Amino acid sequence: MHELSLAREILDICHRETTGKKIKQLNLRIGELSSVSPESLLFYLDNISLKSCLEGAIINYKIIEASLLCHNCAVYFKTDDWICPYCGKTITEYGIGRELEIESIELIDETDNN
Ligand SMILES: [Zn+2]
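Asks: Account for the overall build of the protein, with residues named and values stated.
Replies: Counting its secondary structure elements, the protein contains two helices and six strands. Computed over its C-alpha atoms, the radius of gyration of the protein comes to 18 Å, more than 25% above the 13 Å expected for a compact globule of 114 residues. Structurally, the protein occupies a C-alpha span of about 60 × 35 × 20 Å along its principal axes. Relative to all contacts within the protein whose residues are 6 or more apart in sequence, the contacts with residues 24 or more apart total 73%.

The structure is reproduced here in structure tokens:
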């Protein structure tokens, strides 16, 4: 499964970033064109996080709407005709909407617990 390998990658990144500390909250950004099913990704993350830095963490995600980017104007926008409304240039690809990213990782502050 596609989402299982993505979940493993996310967990790997978390391990590297946290250096053994526990994660309280993980915030993800999932592009609407990324072909990632958030439910499935969260399911696998929950499954593989046992005894890891991610165990018990709250995992949030934001769906990122696909937008076009005009390199001329450096502006993101949505349009059906693929033409920049500012300069009239034809756009050939999406600027955002295909990503799967970790937006932020919040660690458990261990001084809070005792
Ligand atoms: Zn433009």
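Asks: I'd like to hear about the nonpolar core, residue by residue, with values.
Replies: Where a protein is soluble and globular, its nonpolar side chains tend to be buried together. Counting 15 residues, the largest nonpolar core has Ala7, Cys14, Ile23, Leu26, Leu41, Leu45 and Leu54 as the members making the most contacts within it. Listed by contribution, the elements that provide at least two residues to this core are α1 (2-18), β1 (23-31) and α2 (38-48). Among the elements that make up this core, the one with the highest residue count is β1 (four residues). Apart from the residues lying within four places of it in its own chain, the contact partners of Leu41 are Glu3, Leu6, Ala7 and Val36.

Asks: Please give an account of the sheet that holds strand β3 (residues 67-70) that cites residues and values.
Replies: Judged by pairing direction, the sheet is antiparallel, and its three strands sit side by side in the order β4-β3-β5 without closing on themselves. Lying at the two open borders of the sheet, with one neighbouring strand each, are β4 (75-77) and β5 (94-96). Neighbour to neighbour, the strand axes of the sheet diverge by 50 degrees on average, direction disregarded.

Asks: Describe the sheet that holds strand β2 (residues 58-64), with residues and values.
Replies: Taken in spatial order, the three strands of this open sheet run β2-β1-β6, and their pairing is mixed. Edge positions in the sheet fall to β2 and β6 (100-107), since each of these pairs with one other strand and no more. Geometrically, the sheet is characterised by an average inter-axis angle of 15 degrees between neighbouring strands, direction not taken into account. Pairing between β1 and β6: seven bridges, direction antiparallel.

Asks: Any chance you could break down the environment of Asn60 for me, citing the residues and the numbers?
Replies: Tracing the chain through its elements places Asn60 in strand β2. Using a count of 14 C-beta atoms within 10 Å as the deciding quantity, one classes Asn60 as partly exposed. In sequence terms Asn60 and Leu42 are 18 residues apart; their C-alpha atoms lie 9.0 Å from each other. In this structure Asn60 touches Gln25, Asn27 and Leu28, once residues within four positions along its chain are discounted.

Asks: Can you tell me about the environment of Cys73, naming the residues and giving the values?
Replies: One can find Cys73 in the loop between β3 and β4. In the structure, Cys73 is positioned eleven residues away from Cys84 in sequence and 8.6 Å away in space, judged by C-alpha atoms. Excluding residues that lie within four positions of it along the chain, Cys73 makes contacts with Cys84, Tyr86 and Cys87.

Analysis parameters
- Residues numbered from 1 in each chain as written.
- Predicted model: local features only at pLDDT ≥ 70, side-chain atom pairs only at ≥ 80, totals over all residues.
- Helix = DSSP H or I, 4+ residues; strand = E, 2+ residues; numbered from the N terminus.
- Rg over C-alpha atoms; globule rule 2.2 N^0.38 Å.
- Contact = placed C-beta atoms within 7 Å.
- Core = buried A, V, L, I, M, F, W, Y, C linked by C-beta atoms within 7 Å.
- Buried ≥ 20, exposed ≤ 12 C-beta atoms within 10 Å, placed from the backbone.
- Pairing = 2+ DSSP bridges.
- Axes fitted to C-alpha atoms, helices over the stretch in contact; angles between N-to-C directions.

Note that every value here comes from positions in space, so none of it alone points to a role or purpose.
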